[in-house]
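Residues per chain are reported as follows:
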Amino acid sequence: MVRFENVGMRYGMGPEVLRDINMHLAPGSFHFLTGPTGAGKSSLLKLLALSHRPSRGLLTLFGQEVSSLQREDLPSYRRKIGVVFQEFRLLNHLSALDNVALPLRIMGLEEEQILTNVTELLNWVELGAQMQAKPPTLSGGEKQRVAIARAVINRPQLLIADEPTGSMDPEMGLRLMHLFQELNKLGTTVVIATHDIELIRRFPCPVMYLKQGTLHHTDADEYLKRHQRSGL
Amino acid sequence: MINIFGNSPELQLEKDASSKYLPIVIAAMVFLAALALMGLFSLHSAVQNWSTAVSGNLTVEIAYEEGQDLDKKMNKASQILRNFPGIEEVNPLSIDDAAKLLEPYLGRADIIKQLPLPRLIEVTISEGSSVDLLAAAKKLSTEVPGAILNTHRPWLDKMIVLARSVQFLAGAIMLLVSIVTVIIIVFAARTGMVMHHAIIEVLHLIGARDSYIAQQFQNYFARLCLIGAFPGLICAIFTMEFLSFLAGRLEAGLISAPSMIVEGWIALAMVPILVALLTTITVRWIVMGSLKRMM
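What counts and how
- Residues numbered from 1 in each chain as written.
- Chains lettered and ligands numbered in written order.
- Predicted model: local features only at pLDDT ≥ 70, side-chain atom pairs only at ≥ 80, totals over all residues.
- Heavy atoms only, no water.
- Helix = DSSP H or I, 4+ residues; strand = E, 2+ residues; numbered from the N terminus.
- Buried < 20%, exposed > 50% of the residue type's maximum accessible area, 1.4 Å probe, protein only.
- Core = buried A, V, L, I, M, F, W, Y, C linked by side-chain atoms within 4.5 Å.
- Contact = heavy atoms within 4.5 Å.
- 1 Å grid on protein atoms, 1.4 Å probe; cavity = no way out; pocket = protein on both sides within 12 Å on 5 of 7 lines; lining within 4 Å.
- Points joined across faces, edges and corners; volume = space filled by probe spheres on them.
- Domains from an automatic or database assignment.
- Pairing = 2+ DSSP bridges.
- Buried area = accessible area lost by both parts, 1.4 Å probe.
- Salt bridge = Lys/Arg side-chain N within 4 Å of Asp/Glu carboxyl O.

Novice: When you look at the environment of A:Lys185 in this model, what are you seeing that I'm missing?
Specialist: Residues and elements named next belong to chain A. Mapping Lys 185 onto the fold places it in helix H6 (residues 170-185). The class for Lys 185 is exposed, based on a relative accessible area of 72%. When the C-alpha atoms of Lys 185 and Ser 29 are compared, they prove to be 8.8 Å apart, with 156 residues separating the residues in sequence.

Here's what the structure looks like:
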């Protein structure tokens, strides 16, 4: 599904923000990505979201080496990836319904089918009453739910979420984590970037943590022990 | 979802202040281009008219000579011309007719008649026939001393050179207007790209193709240009009609009211379509180029 081999990344002529990243995400796996602020989480997510290309190394997504991808091939690969941005990046002039419908409209689906799917999903994330509301009128948690709905509406093969439960109450956070788990059971590979130790404790999954631009792999228990030790 | 008169749903280009005044600029550009185009076609038809009028008519001038019987010379020259193949009509102008022609320029006809005026013979060539003008001129000058065959050709040639120069200038103005329009559209499209960079990035990340994004820009700018092009064109037609009216009032022989041939009106009707097409191509080229620089 996703394979990084000695991947490095830099912005322009700046220093490397990611160094010698090696990882393999099997189809249908569930991972947490964590690390201190500035460690390179966002940069790694950008590589996964096909927003940037690596400056060195091999990055393979869905069996295709990214550096050899033609520009015109990128949209079809991006449609297999759902991204929940930390800052939501919703289109403020569109309603919640239109924001969520966007990936389907871009794919050229029938409007009737789009409406059915989007309504169902928005009801599920308890935004059925606010389908016509525009993002500036929604709370942080509601915006985040719209962003998540937009990311999962077309059943992506890879779901990347940057702090997806950061702006919502714990109950809704758990509901959404269960949604991610359901998608995962259907075969979606999920990568969740988070600082939330409680989330890692509740959903014990493999943890990848970034430290000064390098990636380390561990499991939830080991990570929590290490975190507790460093906390002490 | 997207059509030529539709909105740009995701980019909301309609709310951009930067391109708000584009229709006014386009209207001005289309006005200039349409005037140039109408001038070009009017001159073309004027040249055709002059050419037809002048090439079908000749004038024989018999120089005034003291003590000579000019009427006799006139009759002889008329006789020669009538016998010449391809000549349809020979009309010797009497001294009264010549004086009437000069009256607007020199004053009273009875005084003009006392001046040493040359005598004129108006000759009309049969339509579709070719007259050996060189042979006719030679025969006339040999048999009627002082007779000169005037074909008006040198004068017409100079007029045609002038008209062609003005036509070339009109063409150059149209080219210049097109270049300026393209530059304005390039700047407006680039500004739009910069202003909507964040949304474009989101659209890219959720799988939008470059053509999907470019189409929103194309439709929007094409619509703005059409909004500007039609008033510009209508203003140009009214201006030309007004000039036509003023020129018609002159009642001065060759300076007739500008008239357009059918091809001219078709070309004029094509102006808004061409502007929209030029805009669409320019915007697509700019937007696709800018998008290629993004991942």
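So much for the structure itself; the text now carries on.
Novice: Would you mind showing me how to read the nonpolar core here?
Specialist: The nonpolar side chains of a soluble globular protein tend to be buried, and buried together. Judged by nonpolar contacts, the single largest core of 47 residues is most densely connected at A:Phe32, A:Val118, A:Leu122 and A:Phe180. With near-sequence residues (within four places) excluded, A:Phe180 lies in contact with A:Phe30, A:Ile148, A:Val152, A:Leu159, A:Ala161, A:Pro164, A:Val190 and A:Ile192. Formed by 46 residues, the second largest nonpolar core is a distinct cluster that contains A:Leu94, B:Met193, B:Tyr212 and B:Ile286.

Novice: Looking at this structure, how should I read empty space enclosed by the protein?
Specialist: The gaps of empty space that remain are located by a probe, the size of a water molecule, rolled over the atoms. Taken as a whole and judged by the stated rule, the model has 1 cavity of 30 Å³ or more. If you add up the space inside the largest cavity, you get close to 70 Å³. Lining the largest cavity we find A:Arg78, A:Ile81, A:Gly82, A:Val83, A:Phe85, A:Pro103, A:Arg150, A:Ala151, A:Asn154, B:Leu205 and B:Ile206. Breaking the lining of the largest cavity down by element, the ones donating at least two residues are strand S6 (81-84) and helix H5 (140-152) of chain A. Among the elements that line the lining of the largest cavity, the one with the most residues is S6(A), at 3 residues.

Novice: Help me understand the domain arrangement of chain B in this model?
Specialist: How big an interface is tends to be expressed through the accessible area that disappears when the partners come together. What the domain assignment lists for chain B is domain 1 (13-51 + 156-294) and domain 2 (64-145). The C-alpha centroid of domain 2 of chain B is placed 52 Å from the C-alpha centroid of domain 1 of chain B.

Novice: Would you take a moment to explain the sheet that holds strand S1 (residues 2-10) of chain A for this structure?
Specialist: Working definition: the strands of a sheet are paired by backbone hydrogen bonds and lie parallel or antiparallel to each other. Residue and element names in this part refer to chain A. If you walk across this open sheet you meet the 4 strands as S2-S1-S4-S5, and the pairing is antiparallel. The open sheet terminates on both sides in strands that have one partner only, identified here as strand S2 (16-25) and strand S5 (64-65). Pairing of S1 with strand S4 (residues 56-61) involves 5 bridges; the strand directions are antiparallel. Looking across to S4, one finds that Phe 4 is bridged to Leu 59.

Novice: Teacher, can you tell me more about the interface of chain B and chain A here?
Specialist: Taken together, the contact pairs 22 residues of chain B with 22 residues of chain A. Between chain B and chain A, the buried area comes to about 2000 Å², and carbon and sulfur atoms account for 63% of it. Between the two partners, chain B and chain A, sit 2 salt bridges. Between B:Glu201 and A:Arg89 there is a salt bridge, and its shortest N-O distance comes to 2.4 Å.

Novice: Would you explain the pattern of salt bridges in this entry?
Specialist: This model, assessed by the stated rule, comprises 12 salt bridges over all chains. Here A:Glu16 and A:Arg56 are joined by a salt bridge, their closest N and O atoms 2.6 Å apart. Taken together, the residues A:Glu16 in strand S2 and A:Arg56 in strand S4 connect sequence positions 40 residues apart. You can call A:Arg56 partly exposed: its relative accessible area is 32%. Measuring nitrogen to oxygen at the nearest pair gives 3.0 Å for the salt bridge that ties B:Arg223 to B:Glu14. Of this pair, B:Arg223 sits in helix H8 (residues 210-250) while B:Glu14 is found in the segment before helix H1 (22-55), placing the two residues 209 residues apart along the sequence. On the basis of relative accessibility, which here comes to 11%, the residue B:Arg223 falls in the buried class.

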